[in-house]
Amino acid sequence: MRKKLLTVALAATMAVAGVFSAFAAETKIENKELAADSYEEMANPLKGKNAEKVTISYTINWNADAPKNGWDGVFSFFDASTNARVSFQTAPYLCYNAKDATGTEDWIDLKADAWCSTNCEAGKDYTFTYVITKDGVTVSCDGTKIDDFKEVGKGDAFTGFQEILDAFNTYPTLTVGVGTAKSSFWNTEPCKISITIDDGVAGGTATPDDKKDETSTQAPTTAPAGNKDNVTPSKTGDTAAVAVIAIAALGAAVAVIASKKKVTE
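Undergrad: What's the story with the overall build of the protein chain in this structure? I'm lost.
TA: Helix and strand counts for the protein chain come out as four helices and 15 strands. Taking all 265 residues of the protein chain together, the buried fraction comes to 47%. Total accessible area on the protein chain is roughly 12700 Å²; 53% of this is exposed by carbon and sulfur atoms.

Undergrad: Just to check I follow, could you spell out the packing of aromatic side chains for this structure?
TA: Aromatic ring pairs: the centre-centre distance and the angle between the two ring planes describe each pair. Taken as a whole and judged by the stated rule, the model has 14 aromatic pairs. Ring centres of Phe-75 and Phe-88 lie 4.6 Å apart, and the angle between their planes is 20°; this geometry places the pair in the stacked category. Of this pair, Phe-75 sits in strand E4 (residues 73–79) while Phe-88 sits in strand E5 (residues 84–89), and the two are 13 residues apart along the sequence. Like Phe-75, the residue Phe-88 is buried in the burial classification. An aromatic cluster of at least three residues, connected via ring pairs, comprises Tyr-58, Phe-75, Phe-77, Phe-88, Trp-115, Phe-128, Tyr-130, Phe-149 and Phe-168. Sitting over the ring of Tyr-93, Lys-111 keeps its end group 4.7 Å from the ring centre.

Undergrad: Which parts of the structure should I look at to understand the nonpolar core?
TA: Here is a general trend for soluble globular proteins: nonpolar side chains tend to be buried in one another's company. Ranked by size, the top nonpolar core spans 48 residues in total, and within it Ile-56, Phe-75, Phe-77, Val-86, Phe-88, Phe-128 and Phe-168 carry the most contacts. When residues of this core are assigned to their parent elements, the largest contribution, five residues, is made by strand E3 (residues 53–62). Core analysis: the second largest hydrophobic core is formed by five residues, Ala-91, Tyr-93, Cys-95 and Trp-186 among them.

Undergrad: Teacher, can you tell me more about the pairing of strand E12 (residues 173–176) here?
TA: The two faces of the sheet receive side chains in turn, since in a regular strand these alternate between them. The alternating pattern of E12 places Thr-173 and Thr-175 and Leu-174 and Val-176 on opposite faces, both of which are buried. Note: E4 against E12, four bridges, orientation antiparallel. The residue bridging Ser-76 from the neighbouring strand is Thr-175, located in E12.

Undergrad: Which parts of the structure should I look at to understand the side chain of Asn-61?
TA: With respect to the element layout, Asn-61 can be found in strand E3. A polar side-chain atom of Asn-61 sits 3.5 Å from the main-chain amide nitrogen of Lys-124. At a separation of 2.9 Å, a polar atom in the side chain of Asn-61 contacts the side chain of Asp-125.

Undergrad: Is there a simple way to explain the pairing of strand E9 (residues 136–141) in this structure?
TA: Buried residues dominate E9, accounting for five of its six residues. Where strand E8 (residues 125–133) meets E9, six bridges bridge the pair, whose relative direction is antiparallel. Following the sheet pairing, Thr-129 is matched in E9 by Ser-140. As paired strands, E9 and strand E10 (residues 144–145) are joined by two bridges and run antiparallel to one another.

Undergrad: Mind showing me how you'd approach the pattern of salt bridges here?
TA: Oppositely charged side chains can pair when the atoms bearing their charge come close. Summed over the entire model, instances satisfying the criterion amount to seven salt bridges. The shortest N-O distance in the salt bridge between Glu-40 and Lys-32 comes to 3.1 Å.

Undergrad: Can you walk me through the state of the cysteines in this structure?
TA: Each disulfide consists of a covalent bond between the sulfur atoms of two cysteine residues. Summed over the entire model, instances satisfying the criterion amount to zero disulfides. Cys-116 forms no disulfide, and the closest cysteine sulfur to it belongs to Cys-120, at a distance of 5.8 Å. By relative accessible area, Cys-116 is classed as buried at 0%.

Thresholds applied
- Residues numbered from 1 in each chain as written.
- Predicted model: local features only at pLDDT ≥ 70, side-chain atom pairs only at ≥ 80, totals over all residues.
- Heavy atoms only, no water.
- Helix = DSSP H or I, 4+ residues; strand = E, 2+ residues; numbered from the N terminus.
- Buried < 20%, exposed > 50% of the residue type's maximum accessible area, 1.4 Å probe, protein only.
- Areas by Shrake-Rupley, 256 points an atom, 1.4 Å probe, with all protein chains shown as cover.
- Phe/Tyr/Trp six-rings, centres within 6.5 Å; stacked < 30°, edge-to-face > 60°.
- Lys NZ or Arg CZ within 6 Å of the ring centre and 35° of its normal.
- Core = buried A, V, L, I, M, F, W, Y, C linked by side-chain atoms within 4.5 Å.
- Pairing = 2+ DSSP bridges.
- Polar contact = N/O pair within 3.5 Å; in protein donor to acceptor, adjacent residues only side chain to side chain.
- Salt bridge = Lys/Arg side-chain N within 4 Å of Asp/Glu carboxyl O.
- Disulfide = S-S within 2.5 Å.

Laid out in structure tokens, this is it:
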């Protein structure tokens, strides 16, 4: 009987620990109010994950006075030591800018030009989801794929989308807001935004509905040229952590009971 009780306690603890591990892949940043100069830094939650598939979704509600031109940014994965970044603008628009080992400018731009200005209204929520793998990047809005999202330019040094995954894995900082051309080429889009980042390593990909002054290394496509508070990402794993502790305590209690039972026997 004692052996059975210990087995049940161990199995329950391991099961909930597995739930915790799955949730740990997801980072949520909720209801951030961004102005044109907003810029907040946090540790990059993708650093060191070696993710082969990254899903990033954000729900945006543009302010009435937002330019809504598609160039202004909302967040960026950033390495201040080299000014390299993977920045996300609202067109939707992804910019990757770095330098290769020889110092050659290394970049690619992907976007659906003017899509948001044509299809989205200020004051309403829209959820954009990017899925990034070594084979490419796809984007959807409210569950519908944006077929117009495509490559619009790249540098000769760019070797493939694995470079973007490598950037996620190595850049130390995530900025929410991009400041006044601080971790992107342009300013921050005035809006309210919630962001979900899933590295696909432990918990699979999330599918809702279906980031320092620098000198530009390579201007993407023609567009107008273009504080710092710590922010802690909320983790859905927090709830699972409480569950793990509770189950661990239950397991310990069962073990004690089993031990006492053996003594009395």
